[in-house]
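Observations on the model geometry
Listed below are the residues making up each chain.
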Amino acid sequence: IEFVKRKKAEGKIGKIGFSYHDDLATLEDFIGDFDWEFIQLQPNYYDMEREDYKAEFELVKSKGIPVVVMEPVRGGFLARTVPNAQKIIEENYGENKSAALALSYVNSLDGVFMVLSGMSNMAQVEDNINTFNNPIPMDEKAEKVLKDVLAEINAFKVVDCTKCEYCMPCPMNINIPKVFETYNKYEMFKSQWIVKDYLKEIEV
């Protein structure tokens, strides 16, 4: 912190803050250690359904610390989402509006002063500019659309496993429900890290 403060005094740093990726208790301890000028969080509409993400956002907002939003479309997932959720968005807002809906949501949150968005081509740059110039209103219609979209995302399963564990214990010591859960998450998010995290968990 002292080093960063010196660099700010030298004019090499504009604002002092940090990107956060831990639990609420740690944030509560850490947030009082310095007069932070921003904190980077992940309050997209999917993650804000989790109590810890929502509580972290509310804590930072209650302290009057501006929020920088990372992963507003959750690594691209909310820009494509699952088929039934995609259909709901298209029926209400037209084609190719999934990213716009996710960006409009985070843009509407009180306390947000910057939204970071990863873009890989000019069409995405133009779409993002158009979205922030004309965001989708976060009204009653949007509230219902988001509720229905989240319901479809949460219901999405390639393998319809209920985790009843009737298949356990497995004679080969395989956690079958966990394997199905990992596969379902991979099919949803298309992220190799989900599989790698599972492999770490079972020490393969």
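We now turn to the structure provided with this report. Quick caveat, the model's predicted, so the values are computed rather than measured. (Residues numbered from 1 in each chain as written. Predicted model: local features only at pLDDT ≥ 70, side-chain atom pairs only at ≥ 80, totals over all residues. Heavy atoms only, no water.)

**Examining empty space enclosed by the protein**
Once rolled over the atoms, a probe with the size of a water molecule shows which space is left empty. Put simply, the test is: In the cavity and pocket records, a cavity denotes points on a 1 Å grid over the protein atoms alone where a 1.4 Å probe fits but cannot get out, a pocket denotes an open set with protein on both sides within 12 Å along at least 5 of 7 lines, and lining residues are residues with an atom within 4 Å of a point. Grid points are joined across faces, edges and corners, and a volume is the space filled by probe spheres set on the points. Where helices and strands are cited, they refer to DSSP runs of H or I of at least four residues and of E of at least two residues respectively, numbered from the N terminus. Residues are sorted three ways: Asp, Glu, Lys and Arg are charged, Ala, Val, Leu, Ile, Met, Phe, Trp, Tyr, Cys and Pro are nonpolar, and all the rest, Gly among them, are polar.
Inspection of the entire model under this criterion finds 1 cavity of 30 Å³ or more. Taken as a whole, the largest cavity spans an internal volume of roughly 40 Å³. Around the largest cavity, the lining residues are L41, Q42, P43, M48, Y53, E56 and F57. Per-element tally for the lining of the largest cavity: the top contributor is helix α3 (residues 51-62), with 3 residues. For the lining of the largest cavity, the residue count by class is 5 nonpolar, 1 polar and 1 charged.

**Observations concerning the side chain of N184**
Formally: Only heavy atoms enter the contact rule, under which two residues are in contact if any of them lie within 4.5 Å.
Turning to its location among the elements, N184 is positioned in helix α9 (residues 176-189). Sequence-distant contacts of N184, that is, excluding residues within four places in its chain, are made with F156, K157, V158 and V159.

**Concerning the layout of surface pockets**
In this structure, the largest pocket occupies an estimated 1,100 Å³ of space. Lining the largest pocket are 39 residues, with R50, R74, K185, F189 and I194 positioned closest to its centre. Put simply, the parts of the chain that give the lining of the largest pocket at least two residues each are α3, α4 (77-80), α8 (140-155), α9 and α10 (192-201). Ranked by residues supplied to the lining of the largest pocket, first place goes to α9 with 9 residues. Residue classes in the lining of the largest pocket are distributed as 16 nonpolar, 8 polar and 15 charged. In this structure, the second largest pocket encloses a volume near 370 Å³. As for the second largest pocket, its lining consists of 21 residues, of which V73, A79, A99, G118 and Q124 are closest to the centre. Counting residues per element, the ones that place at least two in the lining of the second largest pocket are α6 (98-108) and α7 (122-133). Looking at the lining of the second largest pocket, the element that brings in the most residues is α7, giving 4 residues. Tallied by class, residues from the lining of the second largest pocket come to 8 nonpolar, 10 polar and 3 charged.

**Focus on the packing of aromatic side chains**
As a reminder, the rule being used: Pairing of aromatic side chains here covers Phe, Tyr and the six-membered ring of Trp, requires ring centres within 6.5 Å, and sorts the geometry by plane angle: under 30 degrees stacked, over 60 edge-to-face, intermediate tilted. Buried residues are those whose accessible area, probed at 1.4 Å on protein chains only, stays under 20% of the maximum for their type, while exposed residues exceed 50% and partly exposed ones sit between those limits.
Under the counting rule described, the total for this entry stands at 9 aromatic pairs. Here F18 and Y20 contribute two aromatic rings whose centre-to-centre distance is 6.1 Å and whose plane-to-plane angle is 75°, an arrangement assigned as edge-to-face. Taken as a pair, F18 and Y20 share a single burial class, namely buried. Ring plane angle 65° and centroid distance 4.6 Å describe the contact between F77 and F189, whose orientation is recorded as edge-to-face. Of this pair, F77 sits in helix α4 while F189 sits in helix α9; the two residues are 112 residues apart in sequence, bridging distant segments of the chain.

**Points about helix α5 (residues 83-93)**
Selection criterion: Within this analysis, the arc is defined by the directions that extend from the helix axis to the C-beta atoms.
Looking only at α5, the buried set comprises A85, Q86, I88, I89 and Y93. End-on, the buried residues of α5 take up no more than an arc of 160°, which puts them together on one face. Of the exposed residues in α5, the ones pointing more than 90 degrees away from its buried face are P83, K87 and E91. On its buried face, α5 sits against α4, α6 and α8. Just downstream of α5, G94 is the residue with a positive phi angle, here 100°.

In short, geometric facts, not functional conclusions.
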